[in-house]
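# Observations on the model geometry
One letter stands for each residue in the lines below.
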Amino acid sequence: MKLDRKEILKALETITIAGEGKNMVESGAVTNVITFGDEVVVDLVLHTPAMHIKKRAEDDIKKTIHDLVSADAKIKVNIKVETPEKNEIKGRAIPGIKNIIAVASGKGGVGKSTVTANLAVTLAKMGFAVGVLDADIYGPSMPIMFDVESEKPVSILVDGKSKMKPIESYEVKILSIGFFTAPSQAVIWRGPMASKALNQMIFDADWGELDFMLIDLPPGTGDIHLSIMQSLPITGAVVVSTPQAVALADAKKGVSMFMQDNINVPVLGIIENMAYFTPEELPENKYYIFGKEGAKNLAEDLGVPFLGEVPIVQSIREAGDYGRPAALQTASAIETVFEEITRNVVQEVVSRNESLPATEAIKITTMAGCSAVKKK
């Protein structure tokens, strides 16, 4: 069948791009439509570089043409991003660090730090150079989770300047406020003081060459988060949530924070923690204690990738308490779970760096061994 250009334009008038009040034809986002037999090419210009908006626009165009014009249409969507100049909150890059990923959650207690630790060791096992910045100033967990509670960073000279040397554990470099306070000591700091401490751990440390720096953010959306955005060019954000409605409501706010116009950090996706419980004696059974697929559904609603789900397993909690992240358990189900999630995170970083302006000299191969490629 031969497709009618006018029918396609009329169908596209039913689509509104996220963040814009007009439909994509009226707003001028659709710059051209070409038809040839049963083939159609749609040229689209977007004014936001957010990956999820780009993907959603493409999916909406294909679905609308298939539903309203022809189910057999062969559709190609060419998307060009033209970002207007705006007053964004952007920080300066740290030489040698290629990708900076913020791991956030709207609500505390959803396992964000546990997920961060396991992502870090899995990335390290894949051959990446990895660092973790524990930015949860008021509740630092990384020293316990990496079994380095008693360690203290030492000062070294780098190019004539005194720098902190991060603690290393399981091939991951770590800095945390927990290294500088007694285990029983509460950190009672106002925002500016906490921000200053974070900046010291970021810029006054000898991180060396890193493929990934993971930043374990505190729960919520507050001063620490803003300080991180102002200090560093974040490659992307990962949001962790449990499936229950109370946690999802706050996770939605966490995603919204990164998508604010003046922050504009790409959301790499959502991870669902404590997704279900499977008793060891009944391996085929799944009990959805906190609800079923809540974070997955939220990801679909917000148009962001769903990176995977982590079940409730006793060994994950035990491994965190003993200071050996569960993803290090060779040939275990948990190792497989975190490998899949980590590969999804890496793939989203690859896609982000291919489709959006890079933060600083970032190039990663796709899934061929998940190896980093040094810029020549």
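Residues numbered from 1 in each chain as written. Predicted model: local features only at pLDDT ≥ 70, side-chain atom pairs only at ≥ 80, totals over all residues. Heavy atoms only, no water.

Within an unreviewed UniProt entry, the label attached to the protein reads Iron-sulfur cluster carrier protein, and the organism entered is Flavobacterium frigoritolerans. Recorded in UniProt for the protein, the comment headed Subunit (unreviewed entry) runs: "Homodimer." As its UniProt record puts it under Function (unreviewed entry), the protein is described as follows: "Binds and transfers iron-sulfur (Fe-S) clusters to target apoproteins. Can hydrolyze ATP." (UniProt positions renumbered as here; feature names shortened; annotations may be inferred.)

### Description of helix α8 (residues 294–302)
Taken as a whole, α8 has its buried residues at G294, A295, L298, A299 and L302. Angular distribution of buried residues about the axis of α8 spans 140 degrees; they occupy a single face of the element. Following α8 by one or two positions, G303 has its phi on the positive side, about 75 degrees. (Buried < 20%, exposed > 50% of the residue type's maximum accessible area, 1.4 Å probe, protein only. Helix = DSSP H or I, 4+ residues; strand = E, 2+ residues; numbered from the N terminus. Arc of directions from axis to C-beta.)

### Quick notes on the packing of aromatic side chains
Under the criterion given, the structure shown has three aromatic pairs. On the basis of an interplanar angle of 90 degrees and a centroid distance of 5.0 Å, the ring pair of F128 and F212 is categorised as edge-to-face. With a gap of 84 residues between them, F128 in the loop between α3 (112–125) and β5 (130–134) and F212 in strand β10 (residues 210–216) connect regions that are remote in the sequence. On the numbers, 6.1 Å between centres and 65 degrees between planes, the contact of Y276 with Y288 is edge-to-face. (Phe/Tyr/Trp six-rings, centres within 6.5 Å; stacked < 30°, edge-to-face > 60°.)

### What to know about the sheet that holds strand β2 (residues 39–46)
Reading across from one edge, β1-β2-β3 is the order of the three strands in this open sheet, with mixed pairing throughout. In this open sheet, the two edge strands, each paired with only one partner strand, are β1 (30–36) and β3 (74–81). Taken pair by pair, the neighbouring strands of this sheet meet at an average axis angle of 15 degrees, ignoring direction. As defined by bridge partners, β1 adjoins β2 across six bridges and the pair is classed as antiparallel. The residue bridging I34 from the neighbouring strand is V41, located in β2. (Pairing = 2+ DSSP bridges. Axes fitted to C-alpha atoms, helices over the stretch in contact; angles between N-to-C directions.)

### Some details on the confidence of the model for the protein
This prediction gives the protein a mean pLDDT of 79; 82% of its residues lie at or above 70. Of all secondary-structure elements in the protein, the lowest mean pLDDT belongs to helix α6 (residues 223–231), at 67, while α3 reaches the highest, 91. Of the regions scoring below 50 in pLDDT, residues 359–376 engages in 40 contacts with residues more than four places distant in sequence or in other chains. (pLDDT = per-residue confidence, 0-100. Contact = heavy atoms within 4.5 Å.)

### So, the pairing of strand β9 (residues 172–176)
For β9, the buried fraction is high: five of the five residues fall into the buried class. Judged by which residues are buried, β9 turns out to be covered on both faces: V172, I174 and S176 on one side and K173 and L175 on the other are all buried. Of the pairings in the sheet, the one linking β5 to β9 comprises five bridges and is parallel in character. From the neighbouring strand, L133 faces β9, where its bridge partner is L175. Across three bridges, the pairing between strand β8 (residues 167–169) and β9 is antiparallel. Bridged to S169 within β9 is V172. Counting the residues in the hairpin turn of β8 and β9 gives two residues, including Y170, whose phi is positive at 55 degrees.

### Focus: the sheet that holds strand β13 (residues 306–312)
A sheet is described by the order of its strands in space; here eight strands give the open sequence β8-β9-β5-β10-β4-β11-β12-β13, paired in mixed fashion. Of all strands in the sheet, those bounded by a partner on one side alone are β8 and β13. Here the average twist between neighbouring strands, direction ignored, is 25 degrees. Pairing analysis gives six bridges linking strand β4 (residues 97–104) to β10, with the strands arranged parallel. If you follow N99 over to β10, its bridge partner there is F212.

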